[in-house]
Amino acid sequence: EVPWTTKPNERLLSKRKEEEATKSFNSLAEALRTFSRREYFKRRELKKLEEIRDDILDEEYLFGDVKDYRFKKQIYEVATKLSTDDDNTDMYRMPDAYDDEGGVNQEKRFAVAMERCRGLKDGDKMNPSAEQEAWEDHQIRNATLKFGSKNKKQPENYGFVFEDQIEFIHGQVMDGENVDDETCQEEHEKAMAKSAHEKLSAERKTLPVYPFRESLLKAVEAHQVLIIVGETGSGKTTQIPQYLHEAGYTKRGMIGCTQPRRVAAMSVANRVSQEMGVKLGHEVGYSIRFEDCTSDKTVLKYMTDGMLLRAFLAEPDLASYSVLMVDEAHERTLSTDILFSLVKDIARLRPELKLLISSATLDAEKFSDYFDDAPIFKIPGRRYPVEIYYTKAPEADYLDAAIVTALQIHVTQPPGDGDILIFLTGQEEIETAEETLKDRTRGLGSKIQELIICPIYANLPTELQAKIFEPTPVEARKVVLATNIAETSLTIDGIKYVIDPGYVKMKSYNSRTGMESLQVTPTSQASADQRAGRSGRTGPGKCFRLYTAYNYFSDLVANTVPEIQRTNLANVVLTLKTLGIHDLLHFDFMDRPPDEALLKALEHLYALGALNKHGELTRVGRKMAEFPLDPMLSKMILASDKYQCSDEIISIAAMLSTGSSVFYRPKDKQVHADNARLNFHMGNVGDHIALLKVYSSWKETNFSTQWCYENYIQVRSMKRARDIRDQLRGLLERVEIELTSNPGDLEAIKKAIISGYFPHTAKMQINGLYKSLKHPQTVYIHPSSGLAQVLPRWVVYHELVMTNKEYMRQVSEIKPEWLVEVAPHYYQLKD
Ligand code: ADP
Ligand code: MG
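Residues numbered from 1 in each chain as written. Chains lettered and ligands numbered in written order. Predicted model: local features only at pLDDT ≥ 70, side-chain atom pairs only at ≥ 80, totals over all residues. Heavy atoms only, no water.

Caption draft 1: Main features of the nonpolar core. Ranked by size, the top nonpolar core spans 108 residues in total, and within it I338, F371 and L728 carry the most contacts. For this core, the element with the highest residue contribution is helix α12 (residues 334–349), accounting for 8 residues. Other than its neighbours up to four places away in sequence, L728 contacts F290, F627, L629, I637, I650, A653 and A654. Counting residues in hydrophobic clusters, the runner-up holds 54 residues, among them Y398, A433, A476 and A482. (Core = buried A, V, L, I, M, F, W, Y, C linked by side-chain atoms within 4.5 Å. Buried < 20%, exposed > 50% of the residue type's maximum accessible area, 1.4 Å probe, protein only. Helix = DSSP H or I, 4+ residues; strand = E, 2+ residues; numbered from the N terminus. Contact = heavy atoms within 4.5 Å.)

Caption draft 2: A look at the sheet that holds strand β17 (residues 541–545). Within the open sheet, the 7 strands sit side by side as β1-β10-β17-β14-β11-β13-β12. Their pairing is mixed. Among the strands making up the open sheet, the edge pair consists of β1 (168–174) and β12 (451–456). Strand after strand, the sheet turns through a mean of 20° between neighbouring axes, direction not considered. Both strand β14 (residues 495–500) and β17 contribute to a ladder of 4 bridges, which runs parallel. Along β17, the bridge assignment pairs D500 with R545. (Pairing = 2+ DSSP bridges. Axes fitted to C-alpha atoms, helices over the stretch in contact; angles between N-to-C directions.)

Caption draft 3: View of the side chain of K354. For K354, the location among the structural elements is in strand β8 (residues 354–359). Buried charge without a salt bridge: K354, with E221 as the nearest opposite-charge side chain at an N-O distance of 6.1 Å. Here E221 takes part through its backbone oxygen, which lies 3.2 Å from a polar atom of the side chain of K354. Other than its neighbours up to four places away in sequence, K354 contacts V220, E221, H223, Q224, Y249, S322, V323 and L324. (Lys, Arg positive; Asp, Glu negative; His and termini not counted. Salt bridge = Lys/Arg side-chain N within 4 Å of Asp/Glu carboxyl O. Polar contact = N/O pair within 3.5 Å; in protein donor to acceptor, adjacent residues only side chain to side chain.)

Caption draft 4: Spatial organisation of the packing of aromatic side chains. Scanning the model with the defined rule gives 19 aromatic pairs in all. Seen in terms of ring centroids, Y695 and W698 are 6.0 Å apart; in terms of plane orientation they differ by 70°. Their pairing is edge-to-face. Placement of both Y695 and W698 in helix α26 (residues 687–700) is noted, with a separation of 3 residues, approximately one turn of the helix. In terms of burial, Y695 and W698 fall into one category: buried. The side chain of K344 reaches across the aromatic face of Y370, ending 4.0 Å from its centre. The side chain of K805 reaches across the aromatic face of Y780, ending 4.6 Å from its centre. (Phe/Tyr/Trp six-rings, centres within 6.5 Å; stacked < 30°, edge-to-face > 60°. Lys NZ or Arg CZ within 6 Å of the ring centre and 35° of its normal.)

Caption draft 5: Region of the structure containing the pairing of strand β10 (residues 386–391). Burial analysis of β10 places 5 of its 6 residues in the buried class, which makes it a mostly covered element. Where β1 meets β10, 5 bridges bridge the pair, whose relative direction is antiparallel. Considered in β10, the bridge of F168 is made with T391.

Caption draft 6: Summary view of the environment of E203. Looking at where E203 falls in the secondary structure, it is placed in helix α7 (residues 196–206). Among the residues examined, E203 registers a relative accessible area of 17% and is labelled buried. C-alpha of E203 to C-alpha of E275: the two residues are 72 residues apart in sequence and 9.4 Å apart in space. A polar atom in the side chain of E203 sits 3.1 Å from the side chain of R271.

Caption draft 7: Here's a closer look at helix α14 (residues 398–412). Its 15 residues give α14 an end-to-end C-alpha distance of 21 Å, which sits within 8% of 21 Å, the value for a rise of 1.5 Å per residue. α14 sits mainly inside the fold: 15 of its 15 residues count as buried. With a side-chain oxygen lying 3.1 Å from the backbone nitrogen of L399, the N-terminal cap of α14 falls on D397. (Expected span 1.5 Å × (residues − 1).)

Caption draft 8: Geometry of the sheet that holds strand β3 (residues 254–259). The strand order across the open sheet formed by 8 strands is β5-β4-β6-β3-β7-β8-β2-β9, and the pairing between neighbours is mixed. Looking along the sheet, the strands with just one partner apiece sit at the ends: β5 (291–293) and β9 (376–379). Pairs of neighbouring strands in the sheet enclose a mean axial angle of 20°, with direction left out of account. Packed on one face of the sheet, helix α8 (residues 213–222) meets β2 (225–230), β8 and β9 and runs near 150° to β2. On the sheet, helix α9 (residues 236–246) packs against β2, β3, β6 (300–304), β7 (321–326), β8 and β9 and is oriented at approximately 145° with respect to β6.

Caption draft 9: Up close: the site of ligand 1. In the vicinity of ligand 1 there are 15 residues, among which G233, K236, T237, T238 and R537 approach most closely. Within the backbone of G233, a nitrogen or oxygen atom sits 2.6 Å from an oxygen atom of ligand 1. Between a nitrogen atom of ligand 1 and a side-chain N or O atom of R271, the distance comes to 3.2 Å. For ligand 1, whose free accessible area comes to 550 Å², the fraction covered by protein is 94%. Those elements that provide at least two residues to the shell around ligand 1 are α9 and α10 (262–276). Among the elements that make up the shell around ligand 1, the one with the highest residue count is α9 (3 residues). Among the residues making up the shell around ligand 1, the classes are represented as 2 nonpolar, 8 polar and 5 charged. (Near = heavy atom within 4 Å. Areas by Shrake-Rupley, 256 points an atom, 1.4 Å probe, with all protein chains shown as cover. Nonpolar A, V, L, I, M, F, W, Y, C, P; charged D, E, K, R; others polar.)

As structure tokens, this is what we get:
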């Protein structure tokens, strides 16, 4: 006998209960409808009732534990009574079992509020102040719910009990633009009522760019280079390439549109393919590093700016393109800045090529100047006014402040009135925030509206990326946890509240030492204003800045410094050299990088053997440029030929390139996870070898997902590593390196690593601190490293990350003799 089948009498019982429940539910709903005048109550209560009914109907309760059964029975009784009893004012009260501390009072208070509403006779209009009071009561009740451990019991207190509530001061108001346009609202509503594809094409017509379609096409026709300026969300990225396609530009070649971020390229391509009703990868595709989703059919190609830069290597005149759109030009990423000069050059060479430079900010004159006074096409933006709030005092922990603010908004603002967008600095921070939010709302169930948490960052798997665009159910609220990607690259509709901690993760580079590190730094005023603007897209918005007005006006810089002025240029210099551009000091930069940084890059490439002493590209350099990797990583791969361990080295390179962490530590299983991790570090082999062991062990299990779970390893990172490895393998063939394996010889593997990474070395000092070998800088081993406790004397590291200290990430022990052997031009023995 199968234990979980329902016995006949039970089925009968539940059938009867179902009928009863439906009946009482219906009359209960009817009763509520008459007194809940405010939409707000109605929706909330009906939902609650639906839940109650579903609970009661759930057969499972027949077998459930006793307490649960009693609870459900009580609700059932309450519901039944309410529906049969005419004078039921005292009946609406949730059973005590449902309350936690303080809950009873809240429920009572709620019941009183309800009563007050119900006191009105049918047909009576509720008087506004009573309505207001009832609403406030409800809000207070909502707000007195507890969130996490931060709040102490306050049973009799009806006020807000966020212990660490954040006080905001109202600051300036950003005026709206062009929003009294009612027709656009109507269009929008019409769009909502149709079938999926009709809806999409109707939606296209509501975008601010749509009325300018014809004049834009005329302008493109008349001018070879056009600067396009339009507020985020006006339709630049998704619409303009389509307009050009519809106007026939793709008959002569592809339309390429660059994005500074991979997620933006993927997501926008996906959207456009839907709008055009074609399969992604066919007519519309995208190309990002290690992932090409295009085909022979592709005519609209979204790509990262880095990929277009690489496209020049294969096709110096980009003959297969008829239109190039350098999008998000205001971001001024390194690749975009280099592209400016390259596309300007080929535009002169190919008069039939159309060039569009599009930007979300209004300071387009600079672009126009640079492109020989190209005309500027302005798309009038549409934005509702946004109220800006600042904190009263600086916040010590912005992550926690952001979470508290989000919950504060969620429980005090009516449901369904708009979503929340929080700007964070990276994947780790976003994952922490996600966990904390879940933690603090856990167990509250139907006491608060559902909070849908949507993370978005560069390495988020494709299948989860679409979630941020899904419309929020009326009853719920969405909170989007995003990196800077949501600042201008992706437009998320329905955001009403923006929470801006005021930080961003940026590369910073010391051109004197040549050291580069990732660092969380304050944003610029321009960035802060863009972020605020994201809340006013579909209605008036509010932006909560987690810093003071004084910070904003006196501490933030006006504009973000272009990346070219704060980064290591080695990769770009290598690309330019490969393109035959030798005279870098006279290269047509929009903003010149410091000469020092250029020289450092040349020096660095010379040390790696990519350039000779005349600054000319060597054979090694040419091969290095084949790899879409940092020159040090490419060099490491090339060197693996000599040490006969290319098989191992490409695995390590792939693991280092996944961009996200490989190990994870679930909160409740940290000890298990740590033990599993230590397994790979056995013998203090160092992080590189540990990564190799992870990869090889996974491969041995035939890429088993189960194995990943058992070892607390991120399946996603591993799959990505496998993809990258496959591509690196293909590239090995191109540079004529055979796949050779030498798994036992760790010394050979480490020598191959330092052939590329010899500039990244550090030595333990007498004072117990590491000092970088070539620069007088103190560095630390990152706590996540397998060597964090071991502290070997000499180490090589993959990268520096600056948090509270300058940390080396991915560290291995080396011997100083190896340095002298592998990089004799860089290190000599002291006699
Ligand atoms: P702009 O480039 O001017 O900032 P976009 O063309 O990116 O504007 O966006 C236009 C509209 O398309 C916005 O309303 C945005 O919400 C929508 N959109 C863009 N990408 C997606 C996507 N992947 N899914 C759903 N909607 C999207
Ligand atoms: Mg865009």
